[in-house]
Each structure stands twice: as structure tokens, then as C-alpha cells.
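Chain by chain, the residues run as shown.
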Amino acid sequence: LCEVFGYEILNADGTLNRKKLASIAFASPDKTELLNNTIFPFIKVLVLKKAEYDGNTILDAPTLFESELDKVCFKTIAILADKDIRLKRIIERDNLTVEEALLRINAGKDDNYYIERADYVIYNNGDECEFLRKITKILEEILFDRWKDMSDIKELKEQLFLTKKNGRLVED
């Protein structure tokens, strides 16, 4: 990341300054694409190794489709919320200004992008209990379907440029 965006994205102690990186990476679509192209290869390897180790894995992956990791997923769920709700949540969660939060939101894809690609869609505009009720219903359905069809997951993993060597997934 430092080679691509400069060492100014680091805090004094050498850790990543997420706000600084976001201010640079989300400033334009080209910079956002550069960020994604820089981190996707690393994310793919980490996710696939974790999935191989843990078996069933749930990913919180805002860039699942862009990174093509959806190809190794049995099912996908898009969890969306109205823009004003997302704005409020991001500001509270990450301690951002309205401008910083909007920069992040506007750098992402619109809801239709996810609706067209996901197997399930949940609108998380309500409270936590409502969300948990919706997600539980979908997860129960997915788990039931998952046990019926386990045959092509290995092939999909290998299509993402990974092969097994000595029993572990490694990048070619």
C-alpha cells in the first residue's frame, strides 16, 4: 500500500492510518480501482486459506463481487441499507465527518450492482432484532441447501488461480 499510495498513509508507529488511506483512495474512481487492484490478490489468498481451514465461512466482504470471490461462495447475501442510514452508521462506527463518510459511500457500487449479483438481499434499515430474524431465516435455508450440493466448491477455488500443494492452497 505504501508503494502505491505513499508512506503518508502510515501513523508514526508504522500502523495503517485508515482515514488517510481512505481520503486518498476514495478521492476518485481511478484511485479506488488502484486500491482494489492492490489488495484483492492478498485478500483472495487469505480468504481461501481461511475457508479451507475453517470449512463453512461467512465473509463480510463489501468487494466480494469485484474481487471475484463470489465464485467460490455457495450463496451470497447482499446486506443493504438506505443511504441516510448507512451514512449515520459509518459516521458513528468510524468516527468520521459527513464528508469523509460520503466519500466512502460514493466510492462504492450502487445497490442495483449487488441486487443483480447476490442470491439473497436483506435491507437492514431496522433494528438489530429485525436484522437477526431475516439473516437467521436465510442462513437456515443456505445451510440446508449447502449439505445437498457440496460437489463443485473445490473446483471453484482452483479456478481462482490457486492449487493444492502438499494439502494446502497456494498461489500459482
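The structure presented is a predicted model; accordingly, all values stated were derived computationally and were not measured. Every residue gets a number counted from 1 within its own chain, in the order that chain's sequence is written. Restriction of local features to residues with pLDDT of at least 70 applies here, the model being predicted, together with a cutoff of 80 or more for giving and counting side-chain atom pairs; totals for whole chains, interfaces and linings are based on all residues. No hydrogens and no water enter the side-chain calculation; it runs on all heavy atoms of the structure.

### Thoughts on the packing of helix α4 (residues 83-94) against helix α5 (residues 98-107)
- Each axis is a line fitted through C-alpha atoms, taken for helices only over the stretch in contact, and angles between the N-to-C directions span 0 to 180 degrees. What counts as a helix is a DSSP run of H or I of at least four residues, what counts as a strand is a run of E of at least two, and both are numbered from the N terminus. The contact between α4 and α5 brings their axes to 9 Å, and the two run at 120°. In terms of axis orientation, α4 runs oblique to α5. Judged by the sense of rotation from one axis to the other, the crossing of α4 with α5 is right-handed. Taken together, the residues of α5 that come into contact with α4 (itself represented by Lys83, Arg86, Leu87, Ile90, Ile91 and Asp94) are Val98, Ala101, Leu102, Arg104, Ile105 and Asn106. Note that the term roughly parallel is reserved for angles under 35 degrees, roughly antiparallel for angles over 145, roughly perpendicular for angles of 65 to 115, and oblique for everything else. Two helices that cross are described as forming a left-handed crossing if the nearer one is turned anticlockwise from the farther one by less than a right angle, and a right-handed crossing if clockwise. The contact rule is simple, with two residues in contact once any of their heavy atoms fall within 4.5 Å.

### Section: the pattern of salt bridges
- Any Lys or Arg side-chain nitrogen found within 4 Å of a carboxyl oxygen on Asp or Glu counts as a salt bridge. Inspection of the entire model under this criterion finds seven salt bridges.
- One salt bridge connects Asp94 with Arg93, and the closest N-O pair in it is separated by 2.8 Å.
- Residue class for Asp94 comes out partly exposed when judged on its relative accessible area of 25%.
- Two residues, Arg117 and Glu116, come together in a salt bridge whose shortest N-O distance is 3.8 Å. For every residue, the accessible area obtained with a 1.4 Å probe (protein chains only) is divided by the maximum for its type, and the residue is called buried under 20%, exposed over 50%, and partly exposed between those limits.

Remember, this is a structural readout, not a statement about activity or role.
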